[in-house]
Amino acid sequence: QVGDIEFAMFNAYLYLMMSFISGQSLVELEMELDVFGKRMVEYKQMTASNMVLVIHCVVSNLITTKDCLSLIASQNEERESMLAHAIEANSYSFICHIYIFGGIEAYIFGKYESAASMVQKRKE
């Protein structure tokens, strides 16, 4: 049964990731991220939960950011905190995920040098 739960949560993560990439309404996606993220924690599926957390942060930032410098600074702190956790856990997939979605977010906000930097860091 453990494998079934793990497989189900991984598929939920893939569904959420593809929903983001395919352009689902961010407000609807944020609600689904909340529901699935809580379920993943409930079932102790922390790898999937961490991946969903990255997407959730990007979606939340896209919904709320209005070029407010203090908000952008707190978002960078949040990303750095997730990155430190990923490095501590030695989770290369989590690290790559942070850089990939951080790059997408930076590109959407027109921060092209930052986006290119994140993609380059992912390669390292």
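Before any of the text, the structure's been laid out above.
In this text the structure is predicted, and so the values were computed from the model without any measurement.

**Q** Got a minute to help me understand the overall build of the protein in this structure?
**A** Broken down by element type, the protein carries six helices and zero strands. Along the protein, helices (α) and strands (β) appear in the sequence α-α-α-α-α-α when read from the amino end. On C-alpha atoms alone, the protein measures out to a radius of gyration of 14 Å, which is about the 14 Å that the 2.2 N^0.38 rule sets for 124 residues. Counting all 124 residues of the protein, 37% fall into the buried class. The contacts in the protein between residues at least 6 apart in sequence include a share of 55% that link residues at least 24 apart. Carbon and sulfur atoms make up 59% of the accessible area of the protein, which amounts to about 7700 Å² in all.

**Q** Looking at this model, I keep getting lost on the side chain of Asn 61. Mind explaining?
**A** Within the secondary structure, Asn 61 is located in helix H3 (residues 46-64). Here the side chain of Asn 61 touches Glu 105 through a polar contact of 2.9 Å, side chain to side chain.

What counts as what
Residues numbered from 1 in each chain as written. Predicted model: local features only at pLDDT ≥ 70, side-chain atom pairs only at ≥ 80, totals over all residues. Heavy atoms only, no water. Helix = DSSP H or I, 4+ residues; strand = E, 2+ residues; numbered from the N terminus. Rg over C-alpha atoms; globule rule 2.2 N^0.38 Å. Buried < 20%, exposed > 50% of the residue type's maximum accessible area, 1.4 Å probe, protein only. Contact = heavy atoms within 4.5 Å. Areas by Shrake-Rupley, 256 points an atom, 1.4 Å probe, with all protein chains shown as cover. Polar contact = N/O pair within 3.5 Å; in protein donor to acceptor, adjacent residues only side chain to side chain.

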